[in-house]
Amino acid sequence: RLVQDGAGPALTDELRGFLETITLSSQQMGQMLTGLSELAALGQAPVEWEDVALQPLLTEVWAELQQLSSTQAAVCAIEVGDIRVRVDRQLLRSALAQCLGNACKFTPVCVPAQIHISATLQANQQVELRLADQGIGWDPVQRAHLFKPFGRLQGAKGYPGLGLGLLMAQRA
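Since we're looking at a predicted model, the values are computed, not measured. (Residues numbered from 1 in each chain as written. Predicted model: local features only at pLDDT ≥ 70, side-chain atom pairs only at ≥ 80, totals over all residues. Heavy atoms only, no water.)

A.B. asks: Sorry, what's going on with the overall build of the protein chain here?
C.D. replies: Within the protein chain, the secondary structure is distributed over 6 helices and 5 strands. Ordered by position in the sequence, the α and β elements of the protein chain form the string α-α-β-α-β-β-α-β-β-α-α. Relative to its full complement of 172 residues, the protein chain shows a buried share of 27%. Counting contacts in the protein chain only where the partners sit at least 6 residues apart, residues at least 24 apart contribute 64% of the total. Accessible surface for the protein chain amounts to roughly 11,400 Å². Of this, 56% is attributable to carbon and sulfur atoms. (Helix = DSSP H or I, 4+ residues; strand = E, 2+ residues; numbered from the N terminus. Buried < 20%, exposed > 50% of the residue type's maximum accessible area, 1.4 Å probe, protein only. Contact = heavy atoms within 4.5 Å. Areas by Shrake-Rupley, 256 points an atom, 1.4 Å probe, with all protein chains shown as cover.)

As structure tokens, then:
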């Protein structure tokens, strides 16, 4: 910005384009560093196990995401009953926010996001949590790339993000 202001009318369109590219690249680098810092911080704090009711936590995370996002209409049906899980609340909250955020983000803008979350208590007392949406989807062959740092699939071009969200959810 200083160079642009200092150059005034002497700044050609070509140089202005170079400055814009440098500015956008530095902003993206800042976002990448922030994302890597957040990724590194996951799992550093001691795990605080507690019994958590899924329904209120999911409702809370969804409400927070809706307050943060003003770009697209979205509906989320949460059908998990009274299932409780023994987890670190903050880690689960982080994973849920990443997954719900992706479900909204990767839904075409012309379509209101419709998300369905369900949970099943398995015979071994583990809980299977399912999130379904009508987003752009991904080819199962590319599954391994979803959980790599900066792993963005071809269908993700044109959507914001760095390719860290699902890796962060997995680690949480």
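A.B. asks: What exactly am I supposed to notice about the sheet that holds strand β2 (residues 74-79) here?
C.D. replies: Where strands meet in a sheet, backbone hydrogen bonds hold them as pairs that are either parallel or antiparallel. The mixed open sheet is built from 3 strands, whose spatial order is β2-β4-β5. Of all strands in the sheet, those with a lone pairing partner are β2 and β5 (127-132), marking the two edges. Across the sheet, the mean angle from the axis of one strand to that of its neighbour is 10°, orientation sign disregarded. Relative to β5, strand β4 (residues 113-121) is paired through 6 bridges, and the arrangement is antiparallel. Residue pairing in the sheet places H116 in a bridge with A132 of β5. Most of the contacts of helix α4 (residues 89-105) go to β4, to which it runs at about 145°, and overall it touches β2, β4 and β5. (Pairing = 2+ DSSP bridges. Axes fitted to C-alpha atoms, helices over the stretch in contact; angles between N-to-C directions.)

A.B. asks: What's the story with the pattern of salt bridges in this structure? I'm lost.
C.D. replies: Pairing is possible between side chains of opposite charge, provided their charged atoms come close. Evaluated as defined, the whole model comprises 5 salt bridges. With a shortest N-O distance of 3.8 Å, R86 and D51 are connected by a salt bridge. Within this pair, whereas R86 is found in strand β3 (residues 84-88), its partner D51 is found in strand β1 (residues 49-53), the two being separated by 35 residues in sequence. For D51, a relative accessible area of 44% corresponds to the partly exposed category. (Salt bridge = Lys/Arg side-chain N within 4 Å of Asp/Glu carboxyl O.)

A.B. asks: Please explain the confidence of the model for the protein chain as it appears in this structure.
C.D. replies: The predicted coordinates should not be examined in detail at positions where pLDDT is low. Looking at the protein chain, pLDDT values average 78 and 72% of them are 70 or higher. Looking over the protein chain, one finds the lowest element-wise mean pLDDT in helix α6 (residues 165-171), namely 60, and the highest in β1, namely 93. (pLDDT = per-residue confidence, 0-100.)

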